Amino acid sequence: MSSAVVVRAGVYHDSVTLMRVSRALSDLPGMDVALVAMATELNLAMARDLGFDPPPAGPADLLVALRGRDVAAAERELDRLLSALSSARGSSGSSSYGLAGAEGPPPRTTRSAAARAGEDAGVALISVPGEHVLPEAVDAVEAGLDVMIFSDGVPVWQEVLLKRLAAEHGVLVMGPDCGTAVIAGVGLGFANVLRPGPVGVVAASGTGAQQVTSLLDLAGVGVRHVLGVGGRDLSREVGGLSAVRALRLLDEDPATELIVLVSKPPDPEVARAVQEVVESLRTPVVPALTGRDDLTGAAERVLRALGTPVPAWPSWPAPARRPPKPGAVRGLYAGGTLCAEAAAIAASGPGAASASGAAPGSWSGSESGSEAGAGTGSGEASGRGSGEFVDFGDDAYTRGRAHPLIDPALRLDALARVGPGEVALLDVVLGHGADPDPAASLAPAVARCPAAAVVVALVGTEGDPQGLHRQAAAFREAGASVFVSNAQAARYARDLR
């Protein structure tokens, strides 16, 4: 067994591409560890945790850490893969650049790309490092495009500037940190395959929207639009600028019969302002606020409002491997709102049920939002004996790395370190943009996990390309209890202890 750790200065590739390179090298015979990533602080720390001693490097440098029987062969394969990437990048600047019929050099700005596309351009999807978002987004807004900003790490003052500019130009800014959108049935970012229907969603949470819409789909109710607005939109600083615009857009759509507003509890003043807008709409609005309610309860209220029976949500429980210790729940989440929901449930008493009695169109802010925010980021969830919940999708974990819905590496490591008396609770989110087969890597880790029990919240639809039932069967065979409802999964995990 030999090892090597090197830094290649000034070599940049996006995190998803490098994740695929790492996986390709890991699949070589005799390879134990293959880490190829930008040299961010998080990735340097990960290399140290793996037993490497990386030299000084910065986030614009490429970090390579290899351990196996034939490291030299792995380095040759790495050179081949990087060379192929460089060749592909160079050839993409030829006569055609992703715009049908386009000739000449590629557009160098968002505005020039929009001009070349003409009337075919309606939405600009921006996914660049957060510090570079502002000029691209301003270009798109001033070109008259709605904008989805997938990027995180955008300062809040820039978000406010962009959303005020969008109001002047009559367009919608979705994001920053907008991971999910569906426009007239077309998914952007992380998006489940949803049947068409009468529901529109305004979402300050991507995975929260995915949970609600997936449950609706499983109950036979379709969705027309999901307009993500970014997790900070209903904060005091941003003031609900995009949420108000999105609500009015859906209200003007004659095919939208009901609107769902998904969010953590908003700032109280913002809540009052948005409530005034809600009361002025012709279309009924059902709130889905984590902390005051759970997302499953909100989905059930939508079904009742539409006159659709509430089904028994599918689940596949498994017996605990051994008795867990009191209070020992470890939440290893990819979705921040799902993490917050599970943490709040874990902090409640055993047997507590959903608080789903609020009427459509009735919602309010929370003075602190502490219940909904419990456990997001890293740290312990609020409440005695509730356990520890980590949101691996938080900005602190995704700088220079692919989102955990794509790259399971951090959660694989966390699963291996769960204690034998603990209950491991994690979300697995299906759909386009996500890991094409999450069970392929996570299910073996679940089977090896030393936890007393493993509980999986499987968020997805029967139309998703990963196969909802195939994924459920793989995790159940690995010894996990599986629920399509995150709230039910969290209650099951809580009540095991």
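Residues numbered from 1 in each chain as written. Predicted model: local features only at pLDDT ≥ 70, side-chain atom pairs only at ≥ 80, totals over all residues. Heavy atoms only, no water.

### A look at the overall build of the chain
Looking only at helices and strands, one finds 17 helices and 18 strands in the chain. The buried share among the 497 residues of the chain stands at 53%. The contacts of the chain with a sequence gap of at least 6 include a subset with a gap of at least 24, amounting to 77%. Surface summary for the chain: the accessible area is close to 20,300 Å², and the carbon and sulfur share equals 52%. (Helix = DSSP H or I, 4+ residues; strand = E, 2+ residues; numbered from the N terminus. Buried < 20%, exposed > 50% of the residue type's maximum accessible area, 1.4 Å probe, protein only. Contact = heavy atoms within 4.5 Å. Areas by Shrake-Rupley, 256 points an atom, 1.4 Å probe, with all protein chains shown as cover.)

### Re a nonpolar patch on the surface
Taken together, the side chains of Val156, Trp157 and Leu161 present a nonpolar region at the surface, about 270 Å² in accessible area. Turning to its location among the elements, Trp157 is positioned in helix α6 (residues 156–169). (Patch = residues over 30% accessible without salt bridge, like charges linked within 9 Å, V, L, I, M, F, W, Y side chains within 5 Å. Salt bridge = Lys/Arg side-chain N within 4 Å of Asp/Glu carboxyl O.)

### Regarding the confidence of the model for the chain
When pLDDT is averaged along the chain, the result is 87, and 88% of the positions lie at 70 or above. Low pLDDT, under 50, characterises residues 93–101; the stretch is placed with 12 contacts to residues that sit more than four places away or in other chains. In the model, residues 354–362 has pLDDT below 50 throughout and makes 23 contacts with residues more than four positions away in sequence or in other chains. (pLDDT = per-residue confidence, 0-100.)

### Some details on the environment of Gly479
Position of Gly479 among the secondary structure elements: in the loop between α16 (468–477) and β18 (481–483). Under the relative-accessibility criterion, Gly479 is labelled partly exposed at 24%. Contacts of Gly479, omitting those with residues within four sequence positions, involve Ala318, Arg321 and Val454.

### With respect to the sheet that holds strand β6 (residues 173–174)
A sheet is described by the order of its strands in space; here three strands give the open sequence β4-β5-β6, paired in parallel fashion. Single-partner strands in this sheet number two, and they are β4 (123–126) and β6. (Pairing = 2+ DSSP bridges.)

### Quick notes on the pairing of strand β7 (residues 180–183)
The pairing of β7 with strand β8 (residues 186–189) spans four bridges and is classified as antiparallel. When the bridges of β8 are listed, Val182 appears paired with Gly187. Hairpin connection of β7 to β8: two residues between the antiparallel strands, including Ala184 at a positive phi of 50 degrees.

### Notes on the sheet that holds β18
Taken together, six strands build an open sheet; the order of strands is β13-β18-β17-β16-β14-β15 and the sheet is mixed. The sheet is open, and its two borders are formed by β13 (315–316) and β15 (388–391), each paired with just one other strand. Taken together, the four bridges between strand β14 (residues 329–333) and strand β16 (residues 423–429) define a ladder with parallel strand orientation. Counted as the bridge partner of Val329 is Val423 from β16. Together, β14, β15, β16 and β17 (453–459) form the strand contacts of helix α11 (residues 336–347), whose direction differs from that of β15 by roughly 170 degrees. (Axes fitted to C-alpha atoms, helices over the stretch in contact; angles between N-to-C directions.)

### Digging into the side chain of Ser22
Along the polypeptide, Ser22 turns up in helix α1 (residues 15–26). Looking at Ser22, the relative accessible area reads 10%, which means it is buried. There is a polar contact of 2.9 Å between the side chain of Ser22 and the backbone nitrogen of Val36. Excluding anything up to four places from it in sequence, Ser22 contacts Ala34, Leu35 and Val36. (Polar contact = N/O pair within 3.5 Å; in protein donor to acceptor, adjacent residues only side chain to side chain.)

### A look at the pattern of salt bridges
Within the structure shown, the criterion is met by 20 salt bridges. Arg111 is paired through a salt bridge with Asp139; the nearest N and O atoms lie 3.4 Å apart. Here the residue Arg111 occupies a position in helix α4 (residues 110–117), and Asp139 occupies one in helix α5 (residues 133–142), the gap between them amounting to 28 residues. Look at Asp139 and you get buried, because its relative accessible area is 15%. Where Glu159 meets Arg232, a salt bridge forms, and the shortest distance between an N and an O atom there is 2.8 Å. On the criterion of sequence distance, the pair formed by Glu159 in helix α6 and Arg232 in the loop between β10 (223–228) and α8 (241–251) is long-range, its members being 73 residues apart. The exposure class assigned to Glu159 is buried, which follows from its relative accessible area of 1%. Using a relative accessible area of 32% as the deciding quantity, one classes Arg232 as partly exposed.

### Observations concerning the nonpolar core
What tends to happen in soluble globular proteins is that the nonpolar side chains get buried as a cluster. Counting residues in hydrophobic clusters, the biggest one holds 54 residues, and the most contacted among them are Val199, Val201, Leu216, Val260, Val262, Phe389 and Leu425. When residues of this core are assigned to their parent elements, the largest contribution, six residues, is made by α11. When near neighbours in sequence (up to four residues on either side) are disregarded, Leu216 contacts Val199, Val221, Val223, Ala299, Val302 and Leu303. In terms of nonpolar packing, the next biggest core, distinct from the first, is built from 29 residues, Val390, Leu410, Leu430 and Ala445 among them. (Core = buried A, V, L, I, M, F, W, Y, C linked by side-chain atoms within 4.5 Å.)

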